[in-house]
Amino acid sequence: MSMGTSRTAVTPLDAEGVRTHPLCGPLDRMPAHYRGPHQLSRDGWVDFADRLERREEIALACAATDANHAVLDVGGGTGELTRAIAEQLGHCTTVEPHGSRVATLRGPEVGRTGTLDVHPGRAEALPFPDESFDAVLAAWILPYVDDLERSAREIARVCDPSHPEAKIVLIGGAPDNELVELLNRTCVPLADEPQDHQGFLLATAAEVLADYGFSRFTVHRTEAALHFPEPDLDGRVAAAAAVLVNFWFEGHPRAEEMRQSIAPALREHFAHRPHAIGDQGAVLIARPHTSTASVL
Ligand SMILES: C[S@@+](CC[C@H](N)C(=O)[O-])C[C@H]1O[C@@H](n2cnc3c(N)ncnc32)[C@H](O)[C@@H]1O
């Protein structure tokens, strides 16, 4: 689809159409159950976010919500997306469980316009009355929630389906997401954990949203990447090993082994993509079954 603010008419999918959509793959590896939350470390996430460039994803989230008024961003993190929405609409509400990220979200950011309403809290128990928002975003949070289905129910509960622009926007990894593939292949086995499957998260959330009447779906792909400008290959591999391992496994007893295990895969990766690791996204947009709005 085209990026930016133009709207594209796409035939909406139902929840089964989401589950079998190629962007929710790999379809032959769809697990039966939620694997449980990844631990997202404080420092690991900050180093990761510093290297991440995701203009396309943010442009798509902004285009999806440009006709909305009351937008909630669940799990605002360091606030890059929340602030972009606030800049566009003048205001954005966010809820975030992590104390220091709440403090960052509440801090000033020079050169930005729009206000943020920041609430400590979790997706599983959103601190808002029913139907408080006309759009709810949740970007890259589903791998970190304790209860996936409850989180999706709460997201549906606080979104007003009667609003003409009502929508829920969930962002996760595309099946060709390079950094998830690297972690799944080299670190997840050392942690003795089940493989991460981002499509499963989106497809499971879609089923819950459909039960709550948000049953017209579109799925879109976005390009994003972590950048490693270090000129020297050894330095670049060491930096990437640290950033990727710390992202999900900071403080893990086998973290050093993981850094060694991921290094050959990173050398191989940098041989064909020298200074970036892709963080390709799948963006699921759910509208109420009654919606007649144009589909982005
Ligand atoms: C990978 S970050 C993404 C942050 C932000 N949405 C973005 O796209 O930049 C994941 C965020 O989810 C938050 N998180 C973890 N568990 C959560 C939960 N149960 N409910 C809501 N947010 C949660 C984390 O604290 C973190 O800020």
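Now for a quick tour of the structure. (Residues numbered from 1 in each chain as written. Predicted model: local features only at pLDDT ≥ 70, side-chain atom pairs only at ≥ 80, totals over all residues. Heavy atoms only, no water.)

Comments concerning the packing of aromatic side chains
This model, assessed by the stated rule, comprises six aromatic pairs. Pairing tryptophan 45 with phenylalanine 48 gives two aromatic rings, centres 5.7 Å apart and planes at 25°, and the pair type is stacked. Here the residue tryptophan 45 and the residue phenylalanine 48 both occupy positions in helix α2 (residues 42-51), the gap between them amounting to three residues, near one helical turn. On the numbers, 3.9 Å between centres and 15° between planes, the contact of phenylalanine 48 with phenylalanine 247 is stacked. (Phe/Tyr/Trp six-rings, centres within 6.5 Å; stacked < 30°, edge-to-face > 60°. Helix = DSSP H or I, 4+ residues; strand = E, 2+ residues; numbered from the N terminus.)

Some points on the sheet that holds strand β6 (residues 167-173)
Two strands in a sheet stick together by hydrogen bonds in their backbones, pointing the same way (parallel) or opposite ways (antiparallel). If you walk across this open sheet you meet the seven strands as β4-β3-β2-β5-β6-β10-β7, and the pairing is mixed. Among the strands making up the open sheet, the edge pair consists of β4 (115-120) and β7 (216-222). Adjacent strand axes in the sheet meet at a mean angle of 20° when their direction is disregarded. For strand β5 (residues 135-139) and β6, the ladder comprises five bridges, and the chain directions are parallel. (Pairing = 2+ DSSP bridges. Axes fitted to C-alpha atoms, helices over the stretch in contact; angles between N-to-C directions.)

Points about the nonpolar core
Judged by nonpolar contacts, the single largest core of 40 residues is most densely connected at Leu72, Val74, Val136, Ile168, Leu170 and Leu209. Looking at this core, the elements that each hand over two or more residues are α1 (15-19), β2 (71-74), β5, α6 (148-157), β6, α9 (198-211), β7 and β10 (281-287). For this core, the leading source of residues is α9, giving eight residues. If we skip the residues at most four places from it in the chain, isoleucine 168 touches Val136, Ile155, Ala156, Cys159, Leu209, Phe214, Leu284, Ile285 and Ala286. By size, the runner-up hydrophobic cluster in this structure holds 34 residues, among which are Leu182, Ala191, Ala240 and Phe249. (Core = buried A, V, L, I, M, F, W, Y, C linked by side-chain atoms within 4.5 Å. Buried < 20%, exposed > 50% of the residue type's maximum accessible area, 1.4 Å probe, protein only. Contact = heavy atoms within 4.5 Å.)

Examining the packing of helix α7 (residues 178-186) against helix α10 (residues 233-249)
Two elements in contact, α7 and α10, have axes whose closest approach is 11 Å; the angle formed by their N-to-C orientations is 75°. The orientation of α7 with respect to α10, classified from their angle, is roughly perpendicular. Residues Leu179, Val180, Leu182 and Leu183 of α7 form the contact with α10, whose participating residues are Leu244, Phe247 and Trp248. Across the contact of α7 with α10, the residue classes break down as seven nonpolar, no polar and no charged. (Parallel < 35°, antiparallel > 145°, perpendicular 65-115°, else oblique. Nonpolar A, V, L, I, M, F, W, Y, C, P; charged D, E, K, R; others polar.)

Remarks on the site of the ligand
The environment of the ligand is made up of 18 residues, and the closest members are Arg54, Gly75, Glu96, Arg101 and Ala123. Glutamate 96 is positioned with one of its side-chain polar atoms (N or O) 2.5 Å from an oxygen atom of the ligand. Separating a nitrogen atom of the ligand from a backbone N or O atom of alanine 123 is a distance of 2.8 Å. Burial of the ligand by the protein chains amounts to 97% of its free accessible area of 590 Å². When its residues are assigned to classes, the shell around the ligand shows nine nonpolar, four polar and five charged. (Near = heavy atom within 4 Å. Polar contact = N/O pair within 3.5 Å; in protein donor to acceptor, adjacent residues only side chain to side chain. Areas by Shrake-Rupley, 256 points an atom, 1.4 Å probe, with all protein chains shown as cover.)

All quantities given are derived from atomic positions and should not be read as evidence of function.
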